[in-house]
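Examination of the molecular architecture
Take a look at the letters that make up each chain.
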Amino acid sequence: MKSKNLWIFAGIFLLLLGIYLSVIQHEPHFYTPFSLGLFIISMLIYNKTTGKIAFKNWNISKIALFFSAVLVVSILIDRMGLFLGYWIYPYYNSILDEVLKYLFEWTIPLVAYMIIFMTGKNILSKLFFVLCAGIITEYVNSFTLSWQILKMPILDYTIGVFNMGFLTIGYWLIALIPYTIYQFVDRRVK
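Before going further, it helps to examine helix 1 (residues 2-23). Its 22 residues place the ends of helix 1 31 Å apart at the C-alpha level, agreeing with the 32 Å of an ideal helix rising 1.5 Å per residue. Of the residues making up helix 1, those classed as buried are Gly11, Leu15, Gly18, Leu21 and Ser22. The arc that holds every buried residue of helix 1, seen down its axis, measures 130°, which confines them to one face. With respect to the buried face of helix 1, the exposed residues turned more than 90 degrees away are Lys2, Leu6, Phe9 and Leu16.

And the structure:
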C-alpha cells in the first residue's frame, strides 16, 4: 500500500510541478514533468478502473520494442509536422532540448494518452477522455508556448488558445497511434 501512495504522490507532484513551471515560470520544458506525472496518474487510474495492468506479463524486450517503436514514430511525426509547417518549438535550439522533447515530451505523453484512451469503456468515452486531457494540456501550454500550432490540414480553426484540428483529430491520433503499436506488440511479439 505504501508503494501505491508513493506513486500517487509522485504523479500528482510531477503534474503540479509541470503546471507551475508553465504558468508561473514560463519554462518551455514544463512538459517533461507534466507528461511524467500524467503517465503515472493515467496508469494508476487505468489499473484501478479496469482492474488490468497495461504492460502486465510483458518482458523487458517487449517493453523496449514498444517504447522504441513509439519513439521512432514520434520523431517521424514531429519531423513531418515541422517540415509541413504545422507547428514549431519557439524555445528549443539545443541537443538537450531535442533529447527531452523526444523522450519525455513525445514518447511518454503518447503512451499516457494511449493509457487514457484505454481507460474508456466505449469509443465515445475513450475519445472524450483523450479530448479532456488534451484541453488541459493545451491550456497549460498556452502560458509558455513550448510548442505552437501554426496550422492543421483538417479543421484549421482556432478558438482562443485551442486549434480545433490539433485538439480533436491530433490528440485522438496521439492516443491511437501508440495504441496500435501496443496491440501489435502485445499480440504478435513473444
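This brings us to helix 4 (residues 95-119). Think of an α-helix as 3.6 residues a turn; residues three or four steps apart then line up on the same face. Taking 1.5 Å of rise per residue, the 25 residues of helix 4 would be expected to cover 36 Å, and the 35 Å separating its terminal C-alpha atoms lies within 8% of that figure. Residue Lys101 marks the point of greatest curvature in helix 4, where the axis turns by about 35°. Most of helix 4 is tucked away: 19 of the 25 residues are buried.

Bringing the nonpolar core into the picture now. Membership of the largest hydrophobic core comes to 46 residues, with the highest contact counts inside it found for Phe55, Phe66 and Tyr113. Sorting the residues of this core by element identifies helix 1, helix 2 (31-50), helix 3 (60-83), helix 4, helix 5 (123-141) and helix 6 (164-188) as the ones contributing at least two each. At 12 residues, helix 4 tops the list of elements feeding residues into this core. When residues no more than four places from it in sequence are discounted, the contact partners of Phe55 are Met43, Phe66, Phe67, Val111, Met114 and Tyr182.

Moving on, we come to a nonpolar patch on the surface. A cluster of nonpolar residues, Leu6, Phe9 and Phe13, forms a patch on the protein surface that exposes about 360 Å² of accessible area. When you line up the elements, Phe9 lands in helix 1.

A few words now on the confidence of the model for the chain. Scored by pLDDT, the chain has a mean of 95; 99% of the residues are at 70 or more. Here strand 3 (residues 158-159) is the element of the chain with the lowest mean pLDDT, 93, and strand 1 (residues 87-88) is the one with the highest, 98.

Let's shift gears to the side chain of Asp97. Position of Asp97 relative to the elements: it lies in helix 4. Buried charged residue Asp97 carries no salt bridge. Nearest counter-charge: Lys101, at 8.9 Å. Side-chain polar atoms of Asp97 contact the backbone nitrogen of Ser94, separated by 3.1 Å. With sequence-adjacent residues up to four places away left out, Asp97 is seen in contact with His29, Tyr91 and Tyr92.

Let's shift gears to the pattern of salt bridges. All told, the structure shown has 3 salt bridges when counted by the stated rule. Residues Asp78 and Lys101 are paired through a salt bridge, measuring 2.8 Å at the closest nitrogen-oxygen approach. Here the residue Asp78 occupies a position in helix 3, and Lys101 occupies one in helix 4, the gap between them amounting to 23 residues. There is no split in this pair, since Asp78 and Lys101 are both buried. A salt bridge links Glu98 to Arg79, with the nearest nitrogen and oxygen atoms 2.9 Å apart. Of this pair, Glu98 sits in helix 4 while Arg79 is found in helix 3, placing the two residues 19 residues apart along the sequence. Classification of Arg79 by relative accessible area gives partly exposed; the value is 43%. Taken together, the salt bridges that share partners define one network made up of Asp78, Arg79, Glu98 and Lys101.

Cut-offs used in this document
Residues numbered from 1 in each chain as written. Predicted model: local features only at pLDDT ≥ 70, side-chain atom pairs only at ≥ 80, totals over all residues. Heavy atoms only, no water. Helix = DSSP H or I, 4+ residues; strand = E, 2+ residues; numbered from the N terminus. Expected span 1.5 Å × (residues − 1). Buried < 20%, exposed > 50% of the residue type's maximum accessible area, 1.4 Å probe, protein only. Arc of directions from axis to C-beta. Bend = angle between axes of the 7 residues up to and from the residue. Core = buried A, V, L, I, M, F, W, Y, C linked by side-chain atoms within 4.5 Å. Contact = heavy atoms within 4.5 Å. Patch = residues over 30% accessible without salt bridge, like charges linked within 9 Å, V, L, I, M, F, W, Y side chains within 5 Å. Areas by Shrake-Rupley, 256 points an atom, 1.4 Å probe, with all protein chains shown as cover. Salt bridge = Lys/Arg side-chain N within 4 Å of Asp/Glu carboxyl O. pLDDT = per-residue confidence, 0-100. Lys, Arg positive; Asp, Glu negative; His and termini not counted. Polar contact = N/O pair within 3.5 Å; in protein donor to acceptor, adjacent residues only side chain to side chain.

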